[in-house]
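Examination of the molecular architecture
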Amino acid sequence: MRHDNSRPDAGPGDERPPHERPFDATALALYATVVLSWGFSWIALRAQVGVVAPEVSVLWRFVLAGAIMWAWVALRGERIRFDAVTHLHFAAAGVLIFSFNFVMFYYGGMTIPSGLLAVVFSLASIGNLLMAALFLGQRIGPRVAFGGALGAIGIGLLYLPEIAGAEFSPAVLVGLGMCILGTLSFCGGNIVSGLLQKRGVALLPTMAWGMTYSVIFLLTVSLARGLPLIIEPTAKYIGALVFLAIIASVVAFAAYIGLLRRIGPARAGYATVLFPLVALSVSTLVEGYAWTPLAALGAAFALAGNLVVLRKPRGGRD
């Protein structure tokens, strides 16, 4: 989601703009929290795949995360009453970011290693700019186009061993397609979130209401499909649920807000390059993901595409 960076929360007495402040110990701690939380979230997501339907697993995640977010909103005394048009934006953002996005990745996780899920999602930094060009008329400069091409080539190379291998299954292509749809859903939600920001709606109420509408949507879908509203009674599933709801959805989010306000969005954005490296490492150790030279080259291209897009151009031009 796009974030409000209008109230910098830097160290005491530091009046410099966020992008000019030093990368101090506090910023490093916040960065590590974000990267590790999001990096490990993909193996936790995979731990929930199996017994419980993806729609229901995501439902439980945001029932818990939403309750914590509303407590946060109450403690900060944020405004919670809004007009009908704003609520329509809340609902759209919630469905796109907290519902469809995650459900697609859960389904993709049935056939794809967790590290590869993270790499696909990391291309949201490119997708955000493409969505802005499509729906907001923003120009795509040569730098962004080049970064997007690198990212697309990287994903193709990364998945080629899975697709061209002797044990190829069409399910891999279906899983990849679902992950791409999930990423595009997230990017679309960011566009809606940006519109809310322009309307002057604070970030925390946007998140809280978005999670609430996500829960309503997922509950409706689950009941309509006749999905059992169950929780798998295992330490693995429940541990993953708690980690995803509290650490990945709330703690990491709070750390990322702090990072944005301390060092600015440009440098904070590089977390989207680093967390896939953590996810790929975890996938290698835990899931036995088998690297090939082609897959390694693909990962490098995909992450390089993010770097190109996130890099601040000299003179503010593309």
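Our subject in this report is the structure included herewith.

Quick word on the overall build of the protein
Scanning the protein for helices and strands turns up 12 helices and zero strands. Along the protein, from the amino end to the carboxyl end, the secondary structure elements read α-α-α-α-α-α-α-α-α-α-α-α. In the protein, which comprises 318 residues, the proportion classed as buried is 50%. Of the contacts made within the protein by residues no fewer than 6 positions apart, 90% connect residues no fewer than 24 positions apart. Accessible area for the protein stands at about 14300 Å²; split by element, carbon and sulfur atoms hold 69% of it.

What about the layout of surface pockets?
With a probe scaled to a water molecule rolled over the atoms, the places where space remains empty come into view. Its volume calculated, the second largest pocket comes out at about 250 Å³. Contributions of two or more residues to the lining of the second largest pocket are made by helix 5 (124-136), helix 6 (142-164) and helix 7 (170-198). Element by element, the count of residues in the lining of the second largest pocket is highest for helix 6, at four residues. Split by residue class, the lining of the second largest pocket holds eight nonpolar, four polar and no charged.

Details of the side chain of Glu232
Tracing the backbone through its elements, the reader meets Glu232 in the loop between helix 8 (203-224) and helix 9 (235-263). The charged side chain of Glu232 is buried without a salt bridge, its nearest counter-charge being Lys236 at 6.3 Å. Not counting residues up to four positions away in its chain, the partners in contact with Glu232 are Val51, Val52, Tyr237 and Ile238.

Comments concerning the pattern of salt bridges
Under the counting rule described, the total for this entry stands at four salt bridges. Of the charged contacts in the structure, one is a salt bridge between Arg225 and Glu55, with a shortest N-O distance of 2.6 Å. Separated by 170 residues along the polypeptide, Arg225 in the loop between helix 8 and helix 9 and Glu55 in helix 2 (residues 54-76) bring together distant segments of the chain. We classify Arg225 as partly exposed; its relative accessible area is 48%.

Some details on the nonpolar core
The biggest cluster of nonpolar side chains holds 72 residues, and the ones touching the most others in it are Trp42, Phe62, Leu158 and Tyr159. Tallying contributions element by element places helix 9 first for this core, with 11 residues.

Re the packing of helix 5 against helix 7
Look at helix 5 against helix 7: their axes get within 9 Å of each other, and the N-to-C directions meet at 55°. On the basis of their axis angle, the class for helix 5 and helix 7 is oblique. Considering how the two elements wind past one another, helix 5 and helix 7 form a crossing that is right-handed. From helix 5, Ala124, Gly127, Asn128, Met131, Ala132 and Leu136 reach across to helix 7, where they touch Thr183, Leu184, Phe186, Cys187, Gly188, Asn190 and Ile191. Broken down by class, the residue content of the contact of helix 5 with helix 7 amounts to eight nonpolar, five polar and no charged.

Scoring rules and cut-offs
- Residues numbered from 1 in each chain as written.
- Predicted model: local features only at pLDDT ≥ 70, side-chain atom pairs only at ≥ 80, totals over all residues.
- Heavy atoms only, no water.
- Helix = DSSP H or I, 4+ residues; strand = E, 2+ residues; numbered from the N terminus.
- Buried < 20%, exposed > 50% of the residue type's maximum accessible area, 1.4 Å probe, protein only.
- Contact = heavy atoms within 4.5 Å.
- Areas by Shrake-Rupley, 256 points an atom, 1.4 Å probe, with all protein chains shown as cover.
- 1 Å grid on protein atoms, 1.4 Å probe; cavity = no way out; pocket = protein on both sides within 12 Å on 5 of 7 lines; lining within 4 Å.
- Points joined across faces, edges and corners; volume = space filled by probe spheres on them.
- Nonpolar A, V, L, I, M, F, W, Y, C, P; charged D, E, K, R; others polar.
- Lys, Arg positive; Asp, Glu negative; His and termini not counted.
- Salt bridge = Lys/Arg side-chain N within 4 Å of Asp/Glu carboxyl O.
- Core = buried A, V, L, I, M, F, W, Y, C linked by side-chain atoms within 4.5 Å.
- Axes fitted to C-alpha atoms, helices over the stretch in contact; angles between N-to-C directions.
- Parallel < 35°, antiparallel > 145°, perpendicular 65-115°, else oblique.
- Left-handed = near helix turned anticlockwise from the far one by under 90°.

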